[in-house]
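# Coordinates in review
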Amino acid sequence: MQNGHANGLKATTPSEWVHNQGGPGRDTLPKPANWIPVHEEPLYTPRKIRIIIIGAGFSGLMAAHKYPGVACDVPAHIYTFTWGPNPDWSHFYAQGGEIRQHIKRIAKEYDLEKNIKFNAKVTEATWMEDKGKWHVKVDLNGTIVEDEAEVVINASGVLNNWHWPAIPGLKNFKGHLCHSAVWDHSYDYTNKTVAVIGNGSSAIQIVATWISSNFAADHTIDGKNFAYSTEQRKEFQDPEKLLAYRKKIEHDFNKLYRGLEYGTPEHEFFSQQPRQIMTDRLNGNAEMAEKLIPSWSFGCRRLSPGDGYLEALQKKNVTPVFSAAAEITADGIVDAEGKHHQVDAIICATGFDVSFAKQWPVNGRNGKLLQEEWAEDPQSYFSVCARNFPNFFFILGPNSPVGNGSLIPQMEWAGMYAVKWADKIARENIHSIDPKQEAVDDFNVYTQEYLKRTVYTSHCRSWYKNNKVDGPVTAMWAGSPMHFKDMMSTQRGEDFEIKYNSPNRFKFFGNGTDWRDAEGADLSYYLRTHGRVL
């Protein structure tokens, strides 16, 4: 037998068994509970595991939003994968359609579509402790398909579950009604009276908040968007010149977080600049300035560069209404002051469900449901893991760096963090990893203390605070982009409860060889000509 009793003798402890290995009859000694036979594979030979990644979009906003004027306020040359640049961007800030085309080209170039299930929607994920796997249900074109995987990576994002505003009578409207996230291109807006409900990033683009200067404006012409010339685009065909250009923009963009910390010179500058920009664009209109220029700190809500928006509000064919929409009638909107506004069409630029808990059930260990655990104050481990949800990783989870600098690289770093754990799970025969509660507690307490020094805690209602005016900041990382990168480069095993598939965690030691021994590779690769490590 393998463990327990042999020849009627009681099983020994590991120490007793080791102590008696030099004596006679060692092979007849009772074996300890952690005894296993030698695993006849080289060191770190991975077992085959399955990984399900939920979400295949580079940017759900760019993929879903197709309203007129949709664009990205991040410079196009850094709104790309770090490894997938585009020398042919037409403008400094790209339109949504051009971004979608670039994503599709990258997917085809790297043959990424072969592993993607399109028109698929996850409806439920349940952890199976006995198997060490997630059981995932997927609605595939109306058919429920069930799958299993050792690792799940949730890359579905945050701003993708749009919702109608809770305004009485909304469904009674007889005219054209749409949400900015599901634009209807078939409707002709020519000579129509159109109401746009909302004043955030989408509404700003639709109509032509803080109106801040454009991001990385130092690299623009007069601080505004511009088209790249034929000569510039030709120069960008040189990979080294393109890289140098991208690095300059990225470097400056990654310093943005300094302007969002109280007491820094950058914050003092940014606090004054947007106010001056808005005042100038409003042409001294004191009434509109009072209504539109916020009193809270710069950056408390999502910064919204918006060339042309304030100018559009002052045009003769535009009527700004600062009272809340109180009721929708068959032919218009009644504002909070009781005035009826007759319109032909209503566009709801009213945002999304910003909860980090997914709309589909995620059933974890110990009967925990993610929707309940993260309903009020979502608390993660480093934004990428959650207690009691083993082998489940998040891209842009709670307290991720959604506004700390260039976003795409930070998504890549979080993804690579998950991949490194998946590799470790496969190579070391791990059943599950689960962040310890004390590690989650320590991370969140320290994070909230740090965030007190940032503008995100200012008195404003923001999705950064789970749509609250006052409360913990649940959507920002406590530091710079480089700070986040360094943390994503480290797997702190001491912060995790690690469970193995074998009674002996070192089964992956194998038969005493590594892959170089097994494949006849260079067995002196570590010798060098000098003491410097390159």
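Residues numbered from 1 in each chain as written. Predicted model: local features only at pLDDT ≥ 70, side-chain atom pairs only at ≥ 80, totals over all residues. Heavy atoms only, no water.

## Notes on the pattern of salt bridges
Note the following rule: Salt bridges are counted wherever a side-chain nitrogen of Lys or Arg sits within 4 Å of a carboxyl oxygen of Asp or Glu. Each residue is placed in one exposure class: buried if its accessible area under a 1.4 Å probe, protein chains only, is under 20% of its type's maximum, exposed if it is over 50%, and partly exposed if it falls in between. Runs of E in the DSSP output that reach at least two residues are strands. Runs of H or I that reach at least four are helices, and both are numbered from the N terminus.
As enumerated under the stated definition, the model contains 22 salt bridges in all. For the salt bridge of R365 with E129, the shortest nitrogen-to-oxygen distance reads 2.8 Å. For E129, a relative accessible area of 28% puts it in the partly exposed group. For the salt bridge of D434 with R365, the shortest nitrogen-to-oxygen distance reads 3.3 Å. Linking D434 in strand β14 (residues 430-435) with R365 in the loop between β12 (362-363) and α10 (370-373), this pair joins segments that are 69 residues apart in sequence. Each of E129, R365, R387, D434, E497 and K499 takes part in a single network of salt bridges with overlapping partners.

## Observations regarding the packing of helix α11 (residues 407-427) against helix α13 (residues 481-488)
A pair of packed helices is characterised by two quantities: the angle between their axes and the separation of those axes. Formally: Axis definition: a line fit to C-alpha positions, over the contact stretch in the case of helices; interaxial angles, taken between N-to-C directions, run 0 to 180 degrees. In these notes the angle categories are as follows: under 35 degrees is roughly parallel, over 145 is roughly antiparallel, 65 to 115 is roughly perpendicular, and the rest is oblique. Contacts between residues were defined by any pair of non-hydrogen atoms, one from each residue, lying within 4.5 Å. Each residue is assigned to one of three groups, with Ala, Val, Leu, Ile, Met, Phe, Trp, Tyr, Cys and Pro labelled nonpolar, Asp, Glu, Lys and Arg labelled charged, and all others, Gly among them, labelled polar.
At their nearest, the axes of α11 and α13 sit 9 Å apart, and the two run at 10° to each other. What the angle tells us is that α11 and α13 run roughly parallel. Only P481, M482, F484, K485, M487 and M488 of α13 make contact with α11, whose side of the interface consists of Q410, W413, A414, Y417 and K420. Taken together, the residues of the contact of α11 with α13 break down into 8 nonpolar, 1 polar and 2 charged.

## Some points on the state of the cysteines
Defined as follows: Counting rule for disulfides: a pair of cysteine sulfur atoms within 2.5 Å.
Under the counting rule described, the total for this entry stands at 1 disulfide. There is a disulfide in this structure between C300 and C460, and the S-S distance comes to 2.0 Å. What sets the handedness of the C300 and C460 disulfide is the S-S torsion sign, and at about -100° it is left-handed. Remark: C460 occurs in the loop between α12 (437-451) and α13 and C300 occurs in the loop between α8 (286-292) and α9 (309-313); sequence separation between them is 160 residues. For C460, a relative accessible area of 2% puts it in the buried group.

## Focus on empty space enclosed by the protein
Threshold: Here a cavity is any set of points on a 1 Å grid over the protein atoms alone where a 1.4 Å probe fits but cannot get out, and a pocket is any open set with protein on both sides within 12 Å along at least 5 of 7 lines; a residue lines the site when it has an atom within 4 Å of a point. Grid points are joined across faces, edges and corners, and a volume is the space filled by probe spheres set on the points.
Roughly 70 Å³ of internal volume is contained in the largest cavity. Around the largest cavity, the lining residues are N154, G157, V158, F356, K358, W374, F394, I395, L396, G397 and P398. For the lining of the largest cavity, the per-class residue count stands at 7 nonpolar, 3 polar and 1 charged. Roughly 50 Å³ of internal volume is contained in the second largest cavity. In terms of lining, the second largest cavity is formed by Y257, L260, E261, N404, Y450, T454, Y456, W477, A478 and G479. A class-by-class count of the residues in the lining of the second largest cavity yields 6 nonpolar, 3 polar and 1 charged.

## Quick look at unusual backbone geometry
Located in the positive-phi region is N141, a residue other than glycine, with phi close to 55°. With respect to the helices and strands, N141 occurs in the loop between β3 (133-140) and β4 (143-149). Accessibility expressed as a relative area gives 58% for N141, which makes it exposed. In the Ramachandran plot, N399 falls in the positive-phi region, its phi being about 60° despite a non-glycine side chain. Among the residues examined, N399 registers a relative accessible area of 0% and is labelled buried.

## Considering the confidence of the model for the protein chain
Inclusion rule: pLDDT is a per-residue confidence score from the predictor, ranging from 0 to 100.
Here the protein chain averages 87 in pLDDT, while 90% of its residues score no lower than 70. Taken as a whole, residues 1-7 scores under 50 in pLDDT and shows 19 contacts with residues more than four places along the chain or in a different chain. For residues 209-216, every residue scores under 50 in pLDDT, and the model assigns this stretch 55 contacts once sequence neighbours within four places are set aside.

## Some points on the pairing of strand β7 (residues 194-197)
Threshold: Any two strands between which DSSP finds at least two bridges are classified as paired.
Burial along β7 is one-sided: the residues A195 and I197 are buried and none of V194 and V196 is. Across 4 bridges, β7 lies against strand β11 (residues 345-348) in parallel orientation. Its bridge partner lying in β11, I197 is registered against C348.

## Considering the nonpolar core
Rule in force here: Here the nonpolar core consists of buried residues drawn from Ala, Val, Leu, Ile, Met, Phe, Trp, Tyr and Cys, with membership extended through side-chain atoms lying within 4.5 Å.
Counting 85 residues, the largest nonpolar core has W134, F393 and Y417 as its most contacted members. A total of 9 residues in this core trace back to one element, the largest contributor, which is α11. Discounting chain neighbours no more than four positions away, the residues touching F393 are V151, V152, I153, N154, V384, C385, Y417, A418, W421 and I433.

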